[in-house]
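Here is how the chains run, residue by residue.
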Amino acid sequence: MQTPSLKPYAWLSIGAALATIALKGIAWKMTGSVGLLSDALESLVNLAGAVMALAMLAIAEQPADDGHSFGHGKAEYFSSGFEGLLILCAAGAIAVAGVDRLFNPAPLEQLGPGLAVSLAATLINLVVGLVLLFAGRRHRSITLEADAHHLLTDVWTSAGVIAGLGGVSLTGWLWLDPTVALLVAGNIVWTGWRLLQRSAAGLMDGSLPATEHGLVIAVLDRYRQQGIEFHALRSRESGSRSFVSLHVLVPGDWTVARGHQLAEELEREIRDVLPHASVFTHLEPVEDPISQEDISLDR
């Protein structure tokens, strides 16, 4: 199945990052809020992540070749892992700024206009984040999903910063601003850690998610009712693609043509439930004792 280029979504993310950096930077300059500074720093991370996403999507979209016979899809995991690391670095910078302001409070200025500018940046992130999330799930792109979750996390943290500044405006408690900044840093750490975990799982050839694995089992169960057996079922993900391999045990007196026809039907049904999957089957005679062995990777 031919997947359309996802690079325009990366360019959209880059544009949104540039716009929010400008808006949040203006809001920070207007108010002097360390909370808004933390928001602006996270937008810098968004920009770096979006640029990395563009580069990795360009690589992932290259067709399979002699040196990469399974394609280049794993390049997407480098993008999400890179963004996860940047998020952790930004969290550290935000925490340092928040602790400093907590012990050295400073008055905030022009809160009303500053909050209005920050809200405009937050709305940009919300719209772009939802667009990227829909596209990422539709096209099975971890790069777009990672970018989307980061932007949507930014929306929630921005909402927290705005709430904190609103609290300062109403109460005059200056400690609310750095406290919210520290909470933002904690939330960003959690997001970065989750991105790193998912990226590591992809690079380590993690199996299909339980829901997709269940779809494959459901297909096999229909064939088991016809007396066909299976084992050595293995799966992995590589960016937007999935790979499934298994051994198909059929009566030994079947002709090669009949066994091949069954394998083709089985592979087609698995691809019907997993449209982006490459399926590999190995036929074995069910009567042969060796066929009953669930083949290990070392054999």
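Residues take numbers from 1 onward in each chain, read along the sequence in its written order. Given that the model is predicted, a residue must reach a pLDDT of at least 70 before its local features are reported, and side-chain atom pairs must reach 80 or more before they are shown or counted; all residues, however, enter totals for whole chains, interfaces and linings. In computing side-chain values, all of the structure's heavy atoms are included and hydrogens and water are not.

Caption draft 1: Highlighting the overall build of the protein chain. Secondary structure follows DSSP: runs of H or I at least 4 residues long count as helices, runs of E at least 2 residues long count as strands, and numbering of each begins at the N terminus. Check the secondary structure of the protein chain and you find eight helices and three strands. Each helix (α) and strand (β) of the protein chain, taken in turn from the N terminus, gives the series α-α-α-α-α-α-α-β-β-α-β. Within the protein chain, contacts between residues at least 6 apart in sequence are counted, and of these 75% link residues at least 24 apart. Here the Shrake-Rupley method, with its probe set to 1.4 Å, supplies the accessible areas, and only the displayed protein chains count as covering residues. Accessible area of the protein chain: about 14,700 Å², with a carbon and sulfur share of 65%. Any two residues having at least one pair of non-hydrogen atoms within 4.5 Å are treated as being in contact.

Caption draft 2: Summary view of helix α7 (residues 210–224). Take the residue count of a helix, subtract one, and multiply by 1.5 Å to get its expected span. Between its first and last C-alpha atoms α7 spans 20 Å; for 15 residues at 1.5 Å apiece the expected length is 21 Å, and the two agree. Note on classification: 1.4 Å probe, protein chains only; a residue is buried when its accessible area is under 20% of the maximum for its type, exposed when over 50%, partly exposed between these limits. Along α7, the positions that sit buried rather than exposed are Glu212, Val216, Val219, Leu220 and Tyr223. Projected down its long axis, α7 shows its buried positions confined to an angular sector of 95 degrees, all on one face. Seen from the buried face of α7, the exposed residues on the opposite side, beyond 90 degrees, are Ala210 and Thr211. Of the surrounding secondary structure, the elements contacted by the buried residues of α7 are β1 (229–238), β2 (241–250) and α8 (256–273). Working note: the arc is built from the helix axis to C-beta atom directions.

Caption draft 3: Layout of helix α1 (residues 7–31). Compared with the 36 Å implied by 1.5 Å per residue over 25 residues, the 36 Å span of α1 between its first and last C-alpha is a close match. Turning to α1, its buried residues are Ala10, Ser13, Ile14, Ala16, Ala17, Thr20, Lys24, Ala27, Met30 and Thr31. Among the residues trailing α1, Gly32 stands out with phi positive, at a value near 75 degrees.

Caption draft 4: Geometry of unusual backbone geometry. Phi at Ala232 is positive, roughly 55 degrees, even though this residue is not glycine. Inspection of the secondary structure assignment puts Ala232 in strand β1. Of the residues examined, Ala232 reaches a relative accessible area of 4% and is grouped as buried.

Caption draft 5: Highlighting the sheet that holds strand β3 (residues 277–285). Taken in spatial order, the three strands make up an open sheet running β1-β2-β3, and their pairing is mixed. For this open sheet the edge positions go to β1 and β3, each flanked by a neighbour on one side alone. The sheet shows a mean angle of 10 degrees between the axes of neighbouring strands, taken without regard to direction. Only the stretch in contact is used when a helix axis is fitted, and all axes are lines through C-alpha atoms; the angle between N-to-C directions ranges over 0 to 180 degrees. Across the face of the sheet, α7 comes into contact with β1 and β2 while running at roughly 155 degrees to β1. Most of the contacts of α8 go to β3, to which it runs at about 150 degrees, and overall it touches β1, β2 and β3. Strand pairing is defined by DSSP finding a minimum of two bridges between the two strands.

Caption draft 6: Fine view of the nonpolar core. Residues Tyr223, Ile228, Phe230, Leu246, Val248, Leu266 and Ile270 are the most contacted members of the largest nonpolar core, which totals 17 residues. Residue assignment for this core shows that the elements contributing at least two residues are α7, β2, α8 and β3. Leaving out residues up to four positions away in the same chain, Leu246 has contacts with Leu220, Phe230, His231, Ala232, Leu233, Leu266, Ile270, Val279, Phe280, Thr281 and His282. Side-chain atoms within 4.5 Å are what join buried Ala, Val, Leu, Ile, Met, Phe, Trp, Tyr and Cys residues into a set we call a nonpolar core. Listed in part, the 15 residues of the second largest apolar core include Ala16, Leu57, Leu133 and Ala148.

Caption draft 7: Structural detail: the pattern of salt bridges. Salt bridge, as used here, is a side-chain nitrogen of Lys or Arg placed within 4 Å of a carboxyl oxygen of Asp or Glu. According to the stated counting rule, one finds four salt bridges in the structure shown. Residue Glu229 pairs with Arg224 through a salt bridge whose shortest N-O separation is 4.0 Å. Judged by relative accessible area, which is 35%, Glu229 ranks as partly exposed. Owing to a relative accessible area of 32%, Arg224 belongs among the partly exposed residues under this scheme. Glu267 is the salt-bridge partner of Arg271, the closest N and O atoms lying 3.9 Å from each other. In this pair, Arg271 and Glu267 are both assigned in helix α8, four residues apart and thus about one turn of the helix distant.

Caption draft 8: Representation of a nonpolar patch on the surface within the structure. Without a salt bridge and with relative accessible area above 30%, a residue can belong to a patch; like charges are then joined within 9 Å and nonpolar side chains (Val, Leu, Ile, Met, Phe, Trp, Tyr) within 5 Å. Taken together, Val99, Leu102, Phe103, Trp173 and Trp175 make up a surface patch of nonpolar side chains, about 550 Å² in accessible area. Topologically, Trp173 is positioned in the loop between α5 (142–171) and α6 (176–203). Residue Trp173 is classed as partly exposed on the basis of its relative accessible area, which comes to 46%.

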